[in-house]
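Observations on the three-dimensional arrangement
The primary structure of each chain is shown beneath.
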Amino acid sequence: MKKTLALLLTTILALSLALAGCSSSTSKEKDDDKGGSNEAKGGVLIYGKGGDAVSLDPAIVTDGESFIVTQQVFETLVKYGEDNTEIKPGLAESWKVSDDAKTYTFKLKTGIKFHDGSDFNAEAVVKNFQRWAQSKDEAKFAYYASMFGGFEGDEGHVIKEVKAIDDNTVEFTLNRPQAPFLKNIAMPTFAIASPTGFEKDADNFGKNPSGTGPFKFKSWKPGDTIEVVKNDDYWQDGLPKLDGITFKVIKDNSARLNAVIKGEVDLMDGLNPSDISKVTGDDKLQIFERPSMNVGYFAFNVEKAPFDKKEVRQAISHLINKKEIIDNFYEGTAEPAKNPMPPSVSGYNDNIEDYDYDVEKAKELLKKAGLEDGFKMDLWAMPVPRPYMPDGQKVAEAIQASLKQVGIEANIVSYEWAAYLEKVQAGEAQSFMLGWTGDNGDADNFLYTLLDKDNIGSNNYARYANEEVHKLLIEAQSTADEAKRNELYGKAQEIIHEEAPWVPLVHSLPQLAGTKTIKGFVPHPTGSQSLVNVSIEN
Amino acid sequence: MFSYTVRRLGSLIPVLLGMAFIVFMMIRAIPGNPAQVILGQQATKEAVAAMTKELGLDKPWFIQFWDYLSGLLKGDLGVSLKTNSPVSEEIGPYLMATIELALIAMIIAVVIGVNAGIISAWFQNSWFDYVAMVIALIGLSMPIFWLGLMEQYIISIQWDLLPTTGRDNIRDPVAAITGLYLMDTLIAGRVDQFFEVIKHLILPGIALATIPMAIIARMTRSSMLEVMRSDFIRTARAKGMRMFWVVYKHSFKNALIPVVTVIGLQTGLLLGGAILTENIFGWPGIGTYIYDAILSRDYPVIQSGILVIAFLFVMINLVVDLLYAAIDPRIKYK
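Residues numbered from 1 in each chain as written. Chains lettered and ligands numbered in written order. Predicted model: local features only at pLDDT ≥ 70, side-chain atom pairs only at ≥ 80, totals over all residues. Heavy atoms only, no water.

**Here's the deal with the overall build of chain A**
Rules: We count a stretch as a helix when DSSP gives it H or I for four or more residues in a row; a strand needs E for two or more, and each element gets its number in order from the N terminus. To sort residues, take the accessible area from a 1.4 Å probe on protein chains only and compare it with the maximum for the residue type: under 20% means buried, over 50% means exposed, and anything in between is partly exposed. Pairs of residues are marked as contacts when any of their non-hydrogen atoms sit within 4.5 Å. For the area figures, the Shrake-Rupley method with a 1.4 Å probe applies, and any residue is considered shielded solely by the protein chains shown. His residues and chain termini do not enter the charge count, which takes Lys and Arg as positive and Asp and Glu as negative. Lysine's charge is taken at NZ, arginine's at CZ, aspartate's at CG and glutamate's at CD.
Across its full length, chain A carries 16 helices and 21 strands. Along the longest, intermediate and shortest principal axes, the C-alpha atoms of chain A span 90 × 55 × 40 Å. When each of the 538 residues of chain A is scored for burial, the buried share is 55%. In chain A, the proportion of contacts linking residues at least 24 apart, taken out of those at least 6 apart, comes to 68%. As displayed, chain A offers around 22,200 Å² of accessible surface, 49% of which is attributable to carbon and sulfur atoms. When the 60 basic and 83 acidic side-chain charges of chain A are each reduced to a single mean position, those positions are 3 Å apart.

Shown next, in the form of structure tokens:
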């Protein structure tokens, strides 16, 4: 037995050495014919981004600049759809959920190897989850703690046990049902890493990552470039299409675009809305629009008069011209919002009809509330640009002008960002502007987090409490059936729309620019995606 | 001279200690808990508390300072809160990138600035003098990020002469050995890459050189004018010496002291002040490294980064002081 193992290991070693030799010789060939045509090969894509990765260990990072790299190297058990957050098979080819929604059994794909040559199997999955759950290291595995209610032994911990049934079957037993469970484990942070890698040298795993993904890590020049190269043993035939990806840090958005225009960079994220015309006016370039997973909103503190009256909130909903705001402050790169969650999230209720911009209707509603002469109010405006709100002050001024038409005098108030958040959370604001970017693409992460009575004092800044909504959201939380959940969320959105604790303003659309030769790139709403299907065509 | 050098090096210790203390206190005065900044807005309170504890930020400041100092004495610059790597390991490549850029920028600034200053003084009140000094004034007040983007737009994109960003051709990267790419390419025997690196240095070099160039030109001009009015120059000219020699040899040598001082100061400033140029030209330098650390409240990186720059600054000044004696034999060090 030992002998076979030794033989196997030697073979793997010899193979990987041979492969390493191959890959270095191909890269040398490329050096020699640089500038020439390379139609037979996929080519190397240069991806321009605004900041360096923090670490390449997906479990310990929380920032998009790291995830865009780790998502090429690592894969998750289940993954999101190409341009939405529906759950698709990943490293697991199928799964079964028990009737009480407490046991998830995953059938894993077979024959997959990590980049370091070790086998991907049920044991590897178990070891990854143990690494997080047993660490009890809130500082290091912060995302694990926040998505699964703490660590092993904690009262709120969701995952009771992860067990390898056989080589290709993993069973998760939960302490209590968690409806977004599948969406949670699809987050890039819960990618399955090679246990050989992180057990051997946990501290340096972030600099020498090893996963099962379509690309293998090659080199990292701090603050400058990260190179990944094609994984020739990738389990999906014919993929990846590229020979490699080089991530290049250019901090300034305009300078990054200059590099794309010059052809030094093939694809970039973080395009300034004001630079869009430069891209559309260049016949060598194309724009990619990332579906939105955020919401920018204007909300009322429903505990404070006169916003405790539904009619007043509805009246103001009729007064805000979202189209004008988008044209003037987002250069058109946003869609008007009618729900507290974006359409890319499953459960979105598209049947809801938005409050139309209608001053007369607003006047009627105010009259009903006994405020036909208007009133004075405070309008809190965000002091910093956020992805969902490029210029809070200007948008606040636009809202101020709209309100004046019916005699409402809004006084714009602002604080330094940290203080602003603190005060809004404490319920000091009468009305305020804010926004939210989704974590895991689940409706729960928008509706429950932002508008359930449980979260007053936390993220429910409007302090909106509605029993019926609460019941729907809690029921949806403990249902694993996606269709049933979507129905519940649909109903909750109807009530929220009618009650109008918020005026949802926009879902902003992040813009990317690339050369026309790029094919197969589909920007994902979560903010980063695998580039396994991308190719460069001359 | 030797004992002077040793004394100057000795006085470095209190200077650096003072620097370390001031920077230490200043960054702790910036509001914002590093743990919160690192974990982001959506972190739980427990996570923030755990991280604060793990980073040792819950200890009193004097214990933190003592820990930092005793680490420094052992050559330990601390561990980055963000990346969890030792600063002494991380800082090297960033520092080398900035040194290479700053050197090129200083060469551009000195060659153009000094000559423009000399010629302006030589032909005082001529059209050249006026034009050069107006350009110097514009250079002083030019926003660097605007200049950088314009350079990219006109020189690289419109005229297609030079690359816009980076230190090398990303599609055919240089293997880093010393971190100074001009040397690395020569060590690797890749002459084509050497020229590639030079091409990448020109635009950011010019952007970074603009302000020192203007300052050096103005300083050279006024210093030269003073010398050229002195008696020994009048004598030299009366003896029929050729004007070129009068200007470039006799006058310039005597006008050099303040010019060298300015050059030294500017070189030091370039090391830390290259942030805008680095941001625009995708240059992975130390300015950006420290700037990012400030945004993420990465205390050890800010502290040690500034300390390293302060050290270089003092060393450059030492070199400048030693140069005085070589330039002007009347200056002696005891």
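Having put the structure on the table, let's press on.
**A closer look at the interface of chain B and chain A**
Defined as follows: Throughout, the accessible surface (probe 1.4 Å) given up by two parts as they are put together, summed over both, is called the buried area. Salt bridge criterion: a side-chain nitrogen from Lys or Arg within 4 Å of a carboxyl oxygen from Asp or Glu.
On the side of chain A, 40 residues touch chain B, which itself brings 41 residues to the contact. Between chain B and chain A the total buried area reaches about 3,200 Å² when both faces are included, carbon and sulfur atoms providing 54% of it. Across the chain B-chain A interface, the total number found is four salt bridges. Residues A:Asp266 and B:Arg171 are paired through a salt bridge, measuring 3.0 Å at the closest nitrogen-oxygen approach.

**Quick look at the pairing of strand β16 (residues 409-413) of chain A**
All names here are of chain A. Basically, it comes down to this: DSSP calls a pair of strands paired once it identifies at least 2 bridges connecting them. Look down the strands so they point away from you; if the path from the first strand over the helix to the second goes clockwise, the crossover is right-handed.
The pairing of strand β15 (residues 376-380) with β16 spans five bridges and is parallel. Each residue of the ladder has a partner; that of Met377, found in β16, is Ala410. For the crossover that starts at β15, traverses helix α12 (residues 392-404) and ends in the parallel β16, the hand is right-handed.

**Some details on the sheet that holds strand β4 (residues 92-97) of chain A**
Note: strands within a sheet are paired through backbone hydrogen bonds, in either parallel or antiparallel orientation. Residues and elements named next belong to chain A. Rule in force here: Every axis in this analysis is a line fitted to C-alpha atoms, fitted for helices over the stretch in contact. Angles between the N-to-C directions lie between 0 and 180 degrees.
Pairing is antiparallel across the open sheet formed by four strands, whose spatial order is β4-β5-β7-β6. Strand pairing shows two members of the sheet lacking a second neighbour, β4 and β6 (159-166), which therefore form its edges. Direction aside, the axes of adjacent strands within the sheet are offset by 20° on average. Of the strand pairs in this sheet, β4 and strand β5 (residues 103-108) are connected by five bridges, and their pairing is antiparallel. Directly across from Ala92, in β5, lies its bridge partner Leu108.

**A closer look at the packing of aromatic side chains**
Any pair of aromatic rings gets described here by the distance separating the centres and the angle formed by the planes. The line we're drawing: Note on ring pairs: Phe, Tyr and Trp rings are taken, using the six-membered ring of Trp, and paired if centres are within 6.5 Å. Classes follow the plane angle, with under 30 degrees stacked, over 60 edge-to-face and the rest tilted. Consider the ring centre and the ring normal. A charge sits over the ring if Lys NZ or Arg CZ is within 6 Å of that centre and within 35 degrees of that normal.
Applying the stated rule across the entire model yields 38 aromatic pairs over all chains. Their ring planes at 15° and their centres at 6.5 Å tell us that A:Tyr104 and A:Phe106 sit as a pair that is stacked. Linked through ring pairs, A:Trp95, A:Tyr104, A:Phe106, A:Phe129, A:Trp132, A:Tyr144, A:Phe148, A:Phe151, A:Phe172, A:Phe181 and A:Phe190 together constitute an aromatic cluster. Looking at A:Arg131, its charged tip hangs above the ring of A:Phe198, at a distance of 4.6 Å from the centre. Positioned above the aromatic ring of B:Phe24, the side-chain terminus of B:Arg28 is 3.7 Å from the ring centre.

**Concerning helix α4 (residues 61-73) of chain B**
Residues and elements named next belong to chain B. Filter applied, for reference: The span one expects for a helix is its residue count, reduced by one, times 1.5 Å. The reported arc concerns the directions from the helix axis to the C-beta atoms and nothing else.
Helix length check: α4, at 13 residues, gives a terminal C-alpha distance of 18 Å against a target of 18 Å (1.5 Å per residue), a fit within 8%. Within α4, burial applies to Gln64, Phe65, Tyr68, Leu69 and Gly71. Taken around the axis of α4, the buried residues stretch over an arc of 160°, which confines them to a single face. Facing away from the buried surface of α4 by more than 90 degrees, the exposed residues are Trp66 and Leu73. Packed against the buried residues of α4 are α1 (2-29) and α14 (299-327). Note on α4: the residue one or two positions beyond its end, Gly75, has a positive phi of about 80°.

**Concerning the UniProt feature "transmembrane region" (unreviewed entry) in chain B**
All names here are of chain B. Heads up, the rule is: UniProt positions are given in the numbering used here, feature names are shortened, and annotations may be inferred rather than shown by experiment.
Mapped onto the present numbering, the UniProt feature "transmembrane region" (unreviewed entry) falls on residues 12-30, 101-124, 130-149, 201-220, 255-276 and 305-327. Here residues 201-220 is 100% helix and 0% strand, with 26 Å between the C-alpha atoms at its ends. Across residues 305-327, helical content stands at 100% and strand content at 0%; the span's end C-alpha atoms are separated by 33 Å.

**Focus: the packing of helix α5 (residues 87-122) of chain B against helix α11 (residues 243-272) of chain B**
Residues and elements named next belong to chain B. Selection criterion: Crossing chirality is assigned from the near helix's rotation relative to the far helix, an anticlockwise turn below a right angle marking it left-handed and a clockwise turn marking it right-handed. Three classes are used: nonpolar for Ala, Val, Leu, Ile, Met, Phe, Trp, Tyr, Cys and Pro, charged for Asp, Glu, Lys and Arg, and polar for all others, with Gly counted as polar.
Their axes nearest at 10 Å, the elements α5 and α11 cross at an angle of 145°. In this structure, α5 meets α11 at a crossing whose hand is right-handed. Contacts between α5 and α11 involve Thr98, Ile99, Ala102, Ala105, Met106, Val110, Val114, Asn115, Ile118, Ile119 and Trp122 from the first element and Met243, Phe244, Val247, Tyr248, Phe252, Val259, Ile263, Gln266, Thr267, Leu270 and Leu271 from the second. Its residues placed into classes, the contact of α5 with α11 shows 18 nonpolar, four polar and no charged.

**Side note on the nonpolar core**
Test applied: Within this scheme, the nonpolar core is defined by two criteria: the residues are buried Ala, Val, Leu, Ile, Met, Phe, Trp, Tyr or Cys, and they are joined through side-chain atoms within 4.5 Å.
In this structure, A:Phe298, A:Ile316, A:Met377, A:Tyr420, A:Phe432, A:Met433 and A:Leu434 are the most contacted members of the largest nonpolar core, which totals 73 residues. Leave out the neighbours within four places in its chain, and A:Tyr420 touches A:Trp380, A:Ala381, A:Met382, A:Pro383, A:Tyr415, A:Phe432, A:Met433 and A:Leu434. Of all hydrophobic cores here, the second largest spans 58 residues; its members include B:Ile27, B:Ala121, B:Val174 and B:Ala209.

**Details of α1(B)**
Residue and element names in this part refer to chain B. End to end, α1 covers 41 Å across 28 residues, agreeing with the expected 40 Å (1.5 Å per residue, within 8%). Those residues of α1 lying buried are Tyr4, Thr5, Arg8, Leu12, Leu16, Ala20, Val23, Phe24 and Ile27. Packing partners of the buried residues in α1 comprise α4 and α14.

**Things to note about the sheet that holds strand β12 (residues 285-289) of chain A**
Residue and element names in this part refer to chain A. Taking strand neighbours across the sheet as the criterion, the seven strands line up as β8-β9-β10-β1-β11-β19-β12 in an open arrangement whose pairing is mixed. The open sheet has two edge strands with one neighbour each: β8 (215-221) and β12. Summarising the sheet, strand β11 (residues 267-268) and strand β19 (residues 511-515) pair through two bridges and their orientation is antiparallel. Paired with Met268 across the strands is Ala513, a residue of β19.

**Overview of the packing of α11(B) against α14(B)**
All names here are of chain B. Heads up, the rule is: Working rule for angles: under 35 degrees goes down as roughly parallel, over 145 as roughly antiparallel, 65 to 115 as roughly perpendicular, anything else as oblique.
Between α11 and α14, whose axes approach to 9 Å, the crossing angle comes to 170°. It follows that α11 is roughly antiparallel to α14 by the angle criterion. Counting all contacts with α11, which are made through Lys253, Leu256, Ile257, Val260, Thr261, Gly264, Leu265, Thr267, Gly268, Leu269, Leu271 and Gly272, the residues of α14 involved are Ile309, Leu312, Phe313, Ile316, Asn317, Val320, Leu323, Tyr324 and Ile327. Among the residues forming the contact of α11 with α14, the class breakdown is 14 nonpolar, six polar and one charged.

**A closer look at a nonpolar patch on the surface**
Residue and element names in this part refer to chain B. We count it as follows: Patch members must show over 30% relative accessible area and no salt bridge, and they are joined within 9 Å when carrying like charges or within 5 Å when they are nonpolar side chains of Val, Leu, Ile, Met, Phe, Trp or Tyr.
A cluster of nonpolar side chains, namely Phe21, Ile22, Met25, Met26, Trp61, Phe62 and Ile63, defines an oily patch on the protein surface of about 670 Å² accessible area. Breaking the nonpolar patch down by element, the ones donating at least two residues are α1 and α4. It is α1 that contributes the most residues to the nonpolar patch, four residues altogether. Relative to the helices and strands, Ile63 resides in helix α4.

**Quick notes on the pairing of strand β9 (residues 225-230) of chain A**
Residues and elements named next belong to chain A. Taken together, the six bridges between β8 and β9 define a ladder with antiparallel strand orientation. By the bridge assignment, Phe215 is partnered in β9 with Lys230. Counting the residues between successive antiparallel strands, the hairpin from β8 to β9 contains three residues, one of them, Gly223, with a positive phi of roughly 75°. As paired strands, β9 and strand β10 (residues 244-249) are joined by five bridges and run antiparallel to one another.

**Thoughts on the side chain of A:Thr515**
Residues and elements named next belong to chain A. Examined against the element boundaries, Thr515 turns out to sit in strand β19. You can call Thr515 buried: its relative accessible area is 13%. Once you skip the residues sitting within four places of it in the chain, Thr515 turns out to touch Val265, Asp266, Lys284, Leu285 and Gln286.

**Some remarks on the UniProt feature "domain: ABC transmembrane type-1" (unreviewed entry) in chain B**
Mapped onto this numbering, the UniProt entry annotates "domain: ABC transmembrane type-1" (unreviewed entry) at residues 95-324 of chain B. The span residues 95-324 of chain B is 80% helical and 0% strand by assignment, and the distance between its end C-alpha atoms comes to 27 Å.

**A look at the pattern of salt bridges**
Scanning the entire structure with this criterion turns up 33 salt bridges over all chains. Across the pair B:Lys59 and B:Asp67 runs a salt bridge, and its minimum N-O distance is 3.4 Å. Classification of B:Lys59 by relative accessible area gives partly exposed; the value is 39%. Residues joined by salt bridges that share partners form a network here, namely A:Lys183, A:Asp442, A:Glu482 and A:Arg485.

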